[in-house]
Structures are given as structure tokens and as C-alpha cells.
Amino acid sequence: MSKSKSIGTTPDAIAAAEQALGRALPASYVQWLLVNNGRALGALTLFPVYDADNARKTWESIDRHYREGWQAWLDNFAGSGVDCASLLPFAQFGTGDYYCFDYARIGPSGEPTVVLWSHETGTTTAVAPDFAAFLALPGRPG
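Residues numbered from 1 in each chain as written. Predicted model: local features only at pLDDT ≥ 70, side-chain atom pairs only at ≥ 80, totals over all residues. Heavy atoms only, no water.

Peer 1: Is there a simple way to explain the pattern of salt bridges in this structure?
Peer 2: Close approach of charged atoms lets side chains of opposite charge pair. According to the stated counting rule, one finds 4 salt bridges in the structure shown. When the shortest N-O distance is used, the salt bridge between Glu60 and Arg64 registers 3.7 Å. Two residues, Asp63 and Arg67, come together in a salt bridge whose shortest N-O distance is 3.0 Å. In this pair, Asp63 and Arg67 both sit in helix 4 (residues 62–75), 4 residues apart, roughly one turn of the helix. By relative accessible area, Asp63 is classed as buried at 14%. You can call Arg67 partly exposed: its relative accessible area is 48%. One salt-bridge network, in which partners are shared between bridges, spans Glu60, Arg64 and Glu68. (Salt bridge = Lys/Arg side-chain N within 4 Å of Asp/Glu carboxyl O. Helix = DSSP H or I, 4+ residues; strand = E, 2+ residues; numbered from the N terminus. Buried < 20%, exposed > 50% of the residue type's maximum accessible area, 1.4 Å probe, protein only.)

Peer 1: Can you walk me through the side chain of Thr9 in this structure?
Peer 2: Mapped onto the elements of the fold, Thr9 is located in the segment before helix 1 (11–21). For Thr9, the residues in contact, after removing those within four places along its chain, are Ile14, Leu33, Leu34, Asn37, Val49 and Asp51. (Contact = heavy atoms within 4.5 Å.)

Peer 1: Would you explain the packing of helix 1 against helix 2 (residues 27–36) in this entry?
Peer 2: Each packed pair of helices is defined by two parameters, the angle between the axes and the distance between the axes. Direction vectors running N to C along helix 1 and helix 2 enclose 130°, while the axes themselves pass 10 Å from each other. One way to sum up the angle between helix 1 and helix 2 is to call them oblique. Here helix 1 runs over helix 2; the crossing is right-handed. Contact with helix 1, carried on its side by Pro11, Ile14 and Glu18, involves Val30, Leu33 and Leu34 of helix 2 and no other residues of that element. Across the contact of helix 1 with helix 2, the residue classes break down as 5 nonpolar, no polar and 1 charged. (Axes fitted to C-alpha atoms, helices over the stretch in contact; angles between N-to-C directions. Parallel < 35°, antiparallel > 145°, perpendicular 65-115°, else oblique. Left-handed = near helix turned anticlockwise from the far one by under 90°. Nonpolar A, V, L, I, M, F, W, Y, C, P; charged D, E, K, R; others polar.)

Peer 1: What am I meant to see in helix 1 here?
Peer 2: The α-helix winds at 3.6 residues per turn, so residues separated by three or four positions along the chain end up facing the same way. Within helix 1 the residues assigned to the buried category are Ala13, Ile14, Ala17 and Leu21. Buried residues of helix 1, seen end-on, are gathered within an arc of 100° and therefore sit on one face of the element. In helix 1, the exposed positions angled more than 90 degrees off the buried face are occupied by Pro11, Asp12 and Gln19. The secondary structure elements touched by the buried residues of helix 1 are helix 2, helix 4 and strand 3 (87–93). Looking at the residues trailing helix 1, positive phi occurs at Gly22, about 75°. (Arc of directions from axis to C-beta.)

Take a look at the structure:
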């Protein structure tokens, strides 16, 4: 009889998400997912990678959010000159804003910086130089 894991994921599930997204996830986020996939940071829910072993908890995956909810928001900015191609949302904050990895801005660790994307303006505000620093922020939302 196999045990069903309640939190965490596998390298294979992460690789499948990266393939679906068309980009590698930041190493510090991958390390967090391996132990915490499907877990929230206080009131802030981070998008998990889909894991068939824990389908209920990971159904609302980073890939699903990217293909559906995120694309719907971007449609609002079509033709406006707002370019969000370098952004990958990893958590929704508030009523439509997203925490994103900005692959156009690489921090000192070699990972994408973390930004807060505004659904009202399509602009970003730098939050942390990488995901590990985001996790360590005092007063981090959530």
C-alpha cells in the first residue's frame, strides 16, 4: 500500500510544468515546491505545479493560471502597448494583481526578480531580487 503525500511534489511534476510553460522555474521556487507544493504562505496562495498524486490540491496549478486567468487579464491590455511577455505569475494578490517572476530582470542570484503586477495599469513594482528573498520579506503579504 502506498502512502499519499499531502504536501510537496516531484522533479517530474516540476519538469512537466516547465515544459507546459515553456520556461524553467527559478531554482529557489523549485526547491520550495519540492517541499511545499500546494501550501499557502499565510493568506497568500502560491500556485502549485500540477501533481497527479495530489490532483485536488494542485488542480489550480501555475500552468492553469497562466493559460486561463492570466491570459484573460492580458486580453484587457491588448493593443495598449503593455508588454507582459517576460512575466510568469506565481501567486494572485488581492482582486486581480499577481506576484510574478520577471524573466527580463535577473537578480544577483541569477534568478528572475519578483514583481507585483497591477491589473489596473499593467505595470509592475519590484518586490524582491528572487523568490528566496521574497519568502524572507518582513511584512510580506499573506
